[in-house]
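Single-letter residue listing:
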Amino acid sequence: MKTLFKINHYIKHSSLLFKDIYFFKSIDSTNNQCFKIKNKNNFIILAGRQSQGRGRYSRKWSSPYGNLYFSFFIHKPAIDYNEIVMLTSIALLEVLKKFNRKLYLKWPNDIIYKNKKISGILIEREFKGNILKSLVVGIGINLFTDFQKILHFKDTAISLKDITRKNIEKEIIMINFLKLFEKYYNCFSDWKKVIIKKYMKNISGKNKKIHFKIAGNLIKGKLKKVNHDGSIVIKSLRQEATYSFGEIL
Ligand code: BTN
């Protein structure tokens, strides 16, 4: 596949964080595969399609050929989970915003255009006791699928092609993302404040009424703010509370 050439080149010659990339034409899930491969280095898995692409809350991530599906494995991450959430979201948002300025984050890490999802991130962790041993960050970006034609998705999903009317190459998006991710990750203490500020600024729905689902409960309230640790504050009729997990519907 021609995309592999430039990405391989980047990994072999420019990346400080990743040493290997594995490509699969078709696989169950790039996140699953990350946990199967034994490699002492940090690595990336890229797939043409996924038969069992997974989203947050055990949902299915529709993964036909044409869109971008990749995951990367980091041993002993140097930064915390909530920092990875913010960093990954901001790096991806910045890359995609080059194609359209009207993209925002839906807390915690969806990228949306007019409230329709263009990209999702699934971050999974492995612990040894209480210690974070490794991290898998899985990214799915809707590049080409024409969601307007799919009844089930037409109100909730959108592709970059739907928005730009252009065919944008996977490798451009992936390499730009990896470069930016590494830039922020490798010097995170220098970037931390900037990332947090950008994350807070780009979250959509602030001061708007939202429906929030957590542990089977539905909360109706106003999204008041995003804290420095990435958690959100929701004010409902009964109380004002902070949440680190959950889902804005
Ligand atoms: C979500 O929005 O719920 C997260 C979706 C994450 C999908 C990506 S596609 C690549 C990687 N492999 C998976 O099985 N899931 C993630």
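Data block above holds the structure.
Only a predicted model underlies this, so the values are computations on that prediction, with no experimental measurement involved. (Residues numbered from 1 in each chain as written. Predicted model: local features only at pLDDT ≥ 70, side-chain atom pairs only at ≥ 80, totals over all residues. Heavy atoms only, no water.)

S.K.: Even after reading the chapter, I still don't get helix α3 (residues 81-97), so can you show me in this structure?
M.R.: The α-helix winds at 3.6 residues per turn, so residues separated by three or four positions along the chain end up facing the same way. Taking 1.5 Å of rise per residue, 17 residues should cover 24 Å, and α3 covers 24 Å from first to last C-alpha, within 8% of that figure. Summarising burial for α3: 14 of the 17 residues are buried, a large majority. (Helix = DSSP H or I, 4+ residues; strand = E, 2+ residues; numbered from the N terminus. Expected span 1.5 Å × (residues − 1). Buried < 20%, exposed > 50% of the residue type's maximum accessible area, 1.4 Å probe, protein only.)

S.K.: Hey, could you run me through the layout of surface pockets in this one?
M.R.: Once rolled over the atoms, a probe with the size of a water molecule shows which space is left empty. Approximately 810 Å³ is the volume found for the largest pocket. Sorting the residues of the lining of the largest pocket by element identifies α2 (30-36), β3 (68-75), β5 (110-113), β6 (116-128), β7 (131-141) and β12 (247-248) as the ones contributing at least two each. For the lining of the largest pocket, the element with the most residues is β6, which contributes 5 residues. A class-by-class count of the residues in the lining of the largest pocket yields 13 nonpolar, 15 polar and 9 charged. Approximately 400 Å³ is the volume found for the second largest pocket. Taken together, 20 residues make up the lining of the second largest pocket; nearest its centre are Y81, V85, P108, S244 and F245. Listing elements by their share of the lining of the second largest pocket, those giving two or more residues are α3 and β6. Looking at side-chain class alone, the lining of the second largest pocket contains 11 nonpolar, 5 polar and 4 charged residues. (1 Å grid on protein atoms, 1.4 Å probe; cavity = no way out; pocket = protein on both sides within 12 Å on 5 of 7 lines; lining within 4 Å. Points joined across faces, edges and corners; volume = space filled by probe spheres on them. Nonpolar A, V, L, I, M, F, W, Y, C, P; charged D, E, K, R; others polar.)

S.K.: How do you make sense of the pattern of salt bridges when you look at a structure like this?
M.R.: Opposite charge on two side chains lets them pair, provided their charged atoms get close. Counted according to the given criterion, the structure contains 8 salt bridges. Note that E124 and R54 form a salt bridge whose closest N and O atoms lie 2.8 Å from each other. With E124 in strand β6 and R54 in the loop between β2 (43-50) and β3, this pair connects stretches of sequence that are 70 residues apart. E124 sits in the buried class, given a relative accessible area of 18%. A salt bridge links E247 to R59; the nearest nitrogen and oxygen atoms lie 2.8 Å apart. (Salt bridge = Lys/Arg side-chain N within 4 Å of Asp/Glu carboxyl O.)

S.K.: Explanation requested: the side chain of S29 in the structure shown.
M.R.: Mapped onto the elements, S29 comes out in the loop between β1 (20-27) and α2. Assessed through its relative accessible area of 1%, S29 is described here as buried. Ignoring any residue separated from it by four or fewer positions in sequence, one finds S29 in contact with Q50, Q52, G53 and R54. (Contact = heavy atoms within 4.5 Å.)

S.K.: How do you make sense of the site of the ligand when you look at a structure like this?
M.R.: Around the ligand, the surrounding shell holds 19 residues, and the nearest of these are S29, Q50, R54, R56 and K117. Between an oxygen atom of the ligand and a side-chain N or O atom of S29, the distance comes to 2.8 Å. The side chain of T30 places a nitrogen or oxygen atom 3.0 Å from a nitrogen atom of the ligand. Look at the ligand: alone it shows 410 Å² of surface, and the protein chains cover 98% of it. Those elements giving two or more residues to the shell around the ligand turn out to be α2, β3, β6 and β7. In terms of residue count, the dominant contributor to the shell around the ligand is β6 (4 residues). Here the residues of the shell around the ligand sort into 5 nonpolar, 10 polar and 4 charged. (Near = heavy atom within 4 Å. Polar contact = N/O pair within 3.5 Å; in protein donor to acceptor, adjacent residues only side chain to side chain. Areas by Shrake-Rupley, 256 points an atom, 1.4 Å probe, with all protein chains shown as cover.)

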